[in-house]
Amino acid sequence: MPPPEIGPLPDDVQGTLRDLLTSLHDAVKNCDPEAQTEAQRKICEWVGEDAQRAIELIDWFKREEDPSSLNILMASLTMDPRIGNESRVVSAFLDIARRDASLSRRMEALAFLGQGAKRSPEIERDLLAMARGDADPSIRVAAVVALRQQIDIDPSAAERYNPEFLLVAAQSTDPAVRQQALQAVRMRRAADDQLRSVAAFLRQDDDVSVRVTAAEQLGEARAQYRSTAMAALAEGFKTDATEDVRRACVLALVRAGRGEAIATLRGLRDVDPRMTQDIDDYIQILDRGEVDLDWIFDEKGRLERDRMPENSFDPPTDH
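This section reports on the structure supplied with the text. (Residues numbered from 1 in each chain as written. Predicted model: local features only at pLDDT ≥ 70, side-chain atom pairs only at ≥ 80, totals over all residues. Heavy atoms only, no water.)

1. Some words on the packing of helix H2 (residues 33–47) against helix H3 (residues 51–61)
Then, in step 1: The N-to-C vectors of H2 and H3 enclose an angle of 135°; their axes lie 8 Å apart at closest approach. Between H2 and H3, the angle falls in the class oblique. Every residue of H3 that contacts H2 at Ile43, Trp46 and Val47 is listed here: Arg53, Ala54, Glu56 and Leu57.
Then, in step 2: When grouped by side-chain class, the residues that make up the contact of H2 with H3 number five nonpolar, no polar and two charged. (Axes fitted to C-alpha atoms, helices over the stretch in contact; angles between N-to-C directions. Helix = DSSP H or I, 4+ residues; strand = E, 2+ residues; numbered from the N terminus. Parallel < 35°, antiparallel > 145°, perpendicular 65-115°, else oblique. Contact = heavy atoms within 4.5 Å. Nonpolar A, V, L, I, M, F, W, Y, C, P; charged D, E, K, R; others polar.)

Shown next as structure tokens:
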């Protein structure tokens, strides 16, 4: 990949900030990760705890065009929580996310808003509005990701966001948006009707990646909804001939049910010859009473390796 085209800094950018931005652009043009990290460190050091300097940096951010430089500038302002949560800084990024002319700047602003701290109800409303209805699907995806990051900060937010994510997925014609919205649903906090909504995507969506994601999410169902999830996964396996979807259904059945999945897996072993060996492996492992997923998947890998011939290629010969 050729280095990015980055134009010279305008004359009105002077002093230390000009030196910092020049170093940043040089590091990006040279594709030098160490120099980029050092440039970010120096920018953070220059901003320090000074909110006015942070605003000065954001003023340049609004003029920056290079995506890599934008990402580093955004990250520089998240390193110190006192700056990342300063009201003027947050407001500036919210304004960029709402209406900036540059898609790259809007996406980096949304990444900023998802990090750091629990955001205000106003920001939450704006993120949801962008996730639901922005004209650009990349912005809708970025808004969903920001909301997912907010759940990491405040897990209780999942109860508010889960129905919103499912609404975004249901209303979107873009498969990337649907997939990201489904991935954002916290199944450990999902109600029965929300689990059934996820199952509907496994049955009906016309995009393979969305159906795979729906299957993966059903594998995370809570114990009280396990039977519903397993029934949906078994149906998905039987009716969807796509190999990727069927593999996702098998893995999700193992995750959701552990030993309780054995009977369901036995009922699926003759549906698709491509999958019979995998299903038999999991039945064998689960029949021992194993429940630790890491161990189960490690053991599955061992069984596969044991079936490989000792010499999978012919050694070179001398002539």
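2. Re helix H15 (residues 243–257)
Then, in step 1: Between the first and last C-alpha of H15 there are 21 Å, a value that for 15 residues agrees with the 21 Å anticipated at 1.5 Å per step.
Then, in step 2: By the burial criterion, the buried members of H15 are Val245, Arg246, Ala248, Cys249, Val250, Ala252, Leu253, Val254, Ala256 and Gly257.
Then, in step 3: Buried residues in H15 make contact with helix H12 (192–204), helix H13 (208–218), helix H14 (226–239), helix H16 (262–266), helix H17 (273–286) and helix H18 (293–307).
Then, in step 4: Backbone geometry just downstream of H15 places Arg258 in the positive-phi region, at approximately 50°. (Expected span 1.5 Å × (residues − 1). Buried < 20%, exposed > 50% of the residue type's maximum accessible area, 1.4 Å probe, protein only.)

3. A few points about H13
Then, in step 1: Burial analysis of H13 places eight of its 11 residues in the buried class, the great majority of the element.
Then, in step 2: Turning to H13, its buried residues number three or more, namely Val210, Arg211, Val212, Thr213, Ala214, Ala215, Gln217 and Leu218.

4. Concerning the packing of aromatic side chains
For any pair of aromatic rings, the description consists of the separation of the ring centres together with the inter-plane angle of the planes.
Then, in step 1: All told, the structure shown has four aromatic pairs when counted by the stated rule.
Then, in step 2: Ring centres of Phe93 and Phe112 lie 4.1 Å apart, and the angle between their planes is 25°; on these two criteria the pair is classed as stacked. Pair noted here: Phe93 is in helix H6 (residues 87–99) and Phe112 is in helix H7 (residues 103–114), with a separation of 19 residues, a long-range link.
Then, in step 3: Relative accessible area serves as the criterion here: at 0%, Phe93 is assigned to the buried category.
Then, in step 4: When the ring of Tyr282 is compared with that of Phe297, the centres are 6.2 Å apart and the planes differ by 90°; the resulting orientation is edge-to-face. One end of the pair, Tyr282, is in helix H17; the other, Phe297, is in helix H18, with 15 residues separating them in the sequence.
Then, in step 5: Look at Tyr282 and you get buried, because its relative accessible area is 5%.
Then, in step 6: In this structure Phe297 comes out as partly exposed when scored by relative accessible area, which is 23%.
Then, in step 7: Among the aromatic residues, those joined into a ring-pair cluster are Phe61, Phe93 and Phe112.
Then, in step 8: When the ring centre of Tyr161 is taken as origin, the NZ or CZ atom of Arg160, which lies over that ring, is 5.4 Å away. (Phe/Tyr/Trp six-rings, centres within 6.5 Å; stacked < 30°, edge-to-face > 60°. Lys NZ or Arg CZ within 6 Å of the ring centre and 35° of its normal.)

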